[in-house]
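The primary structure of each chain is shown beneath.
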Amino acid sequence: MDEKKIARINELAKKKKETGLTEKEAQEQAELRKEYIEGYRRSMRSHIEGIKVVDEDGNDITPEKLKEIQRQKGIHGRKPGDNS
């Protein structure tokens, strides 16, 4: 999300506290918040999907469900059908 939209979210939040929002502004705020949250979720999902869990001995102990997602996306050198 670009800086202008984040600034607008903050501007609407401040106005809501001070004077309240019109119906149109409240709708705009809801749409901007939804867009922000969707972007945040995409970012978190991408971050989590890139995690590789390794124990003290250097063994890969990444949960199988996460390994499967990584295989599908080719992350950490994992490939579809690979069981590593």
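Because the structure is a prediction, the values reported are computed rather than measured.

1. Examining the side chain of Glu49
Okay, step 1: In this fold, Glu49 is placed in helix 2 (residues 23-49).
Okay, step 2: In this structure Glu49 comes out as buried when scored by relative accessible area, which is 8%.
Okay, step 3: There is a polar contact of 2.6 Å between the side chain of Glu49 and the side chain of Lys73.
Okay, step 4: Here Glu49 is in contact with Leu66, Ile69, Gln70, Lys73 and Ile75, once residues within four sequence places are set aside.

2. Digging into the packing of helix 1 (residues 3-18) against helix 2
Okay, step 1: At a minimum axis separation of 10 Å, helix 1 and helix 2 run at an interaxial angle of 135 degrees. The angle between the axes of helix 1 and helix 2 places the two elements in the oblique class. Seen along the crossing, helix 1 lies across helix 2 with a hand that is left-handed. Note on element contacts: helix 2 touches helix 1 through Glu25, Glu28, Gln29, Leu32, Arg33, Glu35 and Tyr36, opposite Lys5, Arg8, Ile9, Leu12, Ala13, Lys15 and Lys16.
Okay, step 2: For the contact of helix 1 with helix 2, the residue count by class is five nonpolar, one polar and eight charged.

Parameters at a glance
- Along every chain, residues carry numbers that run from 1 in the direction the sequence is written.
- Restriction of local features to residues with pLDDT of at least 70 applies here, the model being predicted, together with a cutoff of 80 or more for giving and counting side-chain atom pairs; totals for whole chains, interfaces and linings are based on all residues.
- For side-chain calculations, the full set of non-hydrogen atoms in the structure is used, while hydrogens and water are omitted.
- Helix and strand definitions here come from DSSP, where helices need a minimum of 4 consecutive H or I residues and strands a minimum of 2 consecutive E residues; each element is numbered from the N-terminal end.
- Whether a residue is buried, partly exposed or exposed follows from its accessible area with a 1.4 Å probe, protein chains only, as a fraction of its type maximum: under 20%, in between, or over 50%, in that order.
- Polar contacts, as used here, are pairs of N or O atoms within 3.5 Å; protein pairs need one atom able to donate a hydrogen and one able to accept it. Residues neighboring in sequence count only if both atoms are side-chain atoms.
- The contact criterion used throughout is that any non-hydrogen atoms of two residues lie within 4.5 Å.
- Note on definitions: angles span 0 to 180 degrees between N-to-C directions of axes, and those axes are lines fitted to C-alpha atoms, for helices only across the stretch in contact.
- Here the word oblique covers every angle except those under 35 degrees (roughly parallel), over 145 (roughly antiparallel) and from 65 to 115 (roughly perpendicular).
- Crossings are sorted by hand: turned counterclockwise from the far helix by less than a right angle, the near helix makes the crossing left-handed, and turned clockwise it makes it right-handed.
- Under the convention adopted here, Pro, Cys and the residues Ala, Val, Leu, Ile, Met, Phe, Trp and Tyr are nonpolar, Asp, Glu, Lys and Arg are charged, and Gly plus all remaining residues are polar.

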